[in-house]
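Listed below, chain by chain, are the residues.
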Amino acid sequence: MNEERKILVEEVESVEKPRLAKVEDAVETQVEDKPAPVMAPSPYEAESDSAKLNRKKDYLEGFLAQAPTETPAGEAGGDLYEAVVDTLKSIFDPEIPVNIYDLGLIYGVEITADNHAIVTMTLTTPHCPVAESMPGEIELQVGSVPGVGHAEVNLVWDPPWDPQKMSDEAKLELGML
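In what follows, the accompanying structure is described. Everything quoted here is computed from the prediction, not taken from an experiment.

## A look at the sheet that holds strand E2 (residues 116-121)
One open sheet holds the three strands; their spatial order is E1-E2-E3, and the pairing between them is mixed. Unpaired on one side and paired on the other, strand E1 (106-111) and strand E3 (150-155) mark the two borders of the sheet. Taken pair by pair, the neighbouring strands of this sheet meet at an average axis angle of 15°, ignoring direction. By the bridge criterion, six bridges tie E2 to E3 in an arrangement that is parallel. Within the sheet, the bridge partner assigned to Ala117 lies in E3 and is Ala151. Lying on the sheet, helix H4 (residues 79-89) is in contact with E1 and E2; it crosses E1 at an angle near 145°.

Pasting the structure below:
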């Protein structure tokens, strides 16, 4: 078992560079039964390397020339919508030290064409001690946002609230992450 393995070393001046594979080679070695694939010529085949480098990079011109579109105030990202969401984030659940928006109690915020705010929400449980007062408080707070004509709160129980609806910030605040 004490056989020595010998490694042979051969010094050479240079090594021949291997031939690159080409699509044409694959077409030539094609099976006789199947037709050869049709290949469209590239528009850049005849273009030299220096011409490719000097070609104008216009792929972003159309995108950069577009003016940003204005988001309507009542849609997500609009000023009025964001103001209503900020107001909802300032209202805290009295039993849990997290705002009602991050807690996942707000299912939807809709701003109508005439700037009426409709908030669809739930509570953690139907037996929540603030079940009677919380929707009224939210209606008053959202109604006081500048630009909101009238606020309406729709309290729903389906789908029921569960801790998975909370934002990551709320979970972190409560030590759930």
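Continuing now.
## A look at the side chain of Asp93
When you line up the elements, Asp93 lands in the loop between H4 and E1. We note that Asp93 is buried and unpaired, the nearest opposite charge coming from Lys165 at a distance of 15 Å. A polar side-chain atom of Asp93 sits 2.8 Å from the main-chain amide nitrogen of Glu95. Ignoring any residue separated from it by four or fewer positions in sequence, one finds Asp93 in contact with Val98, Ile100, Leu103, Leu105 and Met134.

## Some thoughts on helix H5 (residues 134-143)
What sets the pattern is the α-helix's 3.6 residues per turn: residues three or four places apart point alike. Within the span of H5, buried status applies to Met134, Pro135, Ile138 and Val142. Taken around the axis of H5, the buried residues stretch over an arc of 95°, which confines them to a single face. Residues of H5 that are buried make contact with H4, E2 and E3.

## A word on the side chain of Thr122
Mapped onto the secondary structure, Thr122 falls in the loop between E2 and H5. Its relative accessible area of 0% is what places Thr122 among the buried residues. At 2.8 Å, the side chain of Thr122 and the backbone oxygen of Val156 are in polar contact. In contact with Thr122, not counting residues within four places along its chain, are Leu105, Tyr107, Leu155, Val156, Trp157 and Trp161.

## Description of the packing of H4 against H5
Direction vectors running N to C along H4 and H5 enclose 140°, while the axes themselves pass 9 Å from each other. Taken together, the axes of H4 and H5 are oblique relative to one another. Crossing of H4 against H5: the hand is right-handed. For the pair formed by H4 and H5, the contact residues are Val84, Thr87 and Leu88 on the first element and Ile138, Gln141 and Val142 on the second. Class assignment for the residues of the contact of H4 with H5 results in four nonpolar, two polar and no charged.

## Things to note about the environment of Val148
Here Val148 lies in the loop between H5 and E3. The exposure class assigned to Val148 is buried, which follows from its relative accessible area of 10%. Expressed as a C-alpha distance, the spacing of Val148 and Ile111, which sit 37 residues apart in the sequence, is 8.4 Å. Here Val148 is in contact with Leu80, Val84, Asn115, Ala117, Val142 and Gly143, once residues within four sequence places are set aside.

What counts as what
Residues numbered from 1 in each chain as written. Predicted model: local features only at pLDDT ≥ 70, side-chain atom pairs only at ≥ 80, totals over all residues. Heavy atoms only, no water. Pairing = 2+ DSSP bridges. Helix = DSSP H or I, 4+ residues; strand = E, 2+ residues; numbered from the N terminus. Axes fitted to C-alpha atoms, helices over the stretch in contact; angles between N-to-C directions. Contact = heavy atoms within 4.5 Å. Buried < 20%, exposed > 50% of the residue type's maximum accessible area, 1.4 Å probe, protein only. Lys, Arg positive; Asp, Glu negative; His and termini not counted. Salt bridge = Lys/Arg side-chain N within 4 Å of Asp/Glu carboxyl O. Polar contact = N/O pair within 3.5 Å; in protein donor to acceptor, adjacent residues only side chain to side chain. Arc of directions from axis to C-beta. Parallel < 35°, antiparallel > 145°, perpendicular 65-115°, else oblique. Left-handed = near helix turned anticlockwise from the far one by under 90°. Nonpolar A, V, L, I, M, F, W, Y, C, P; charged D, E, K, R; others polar.

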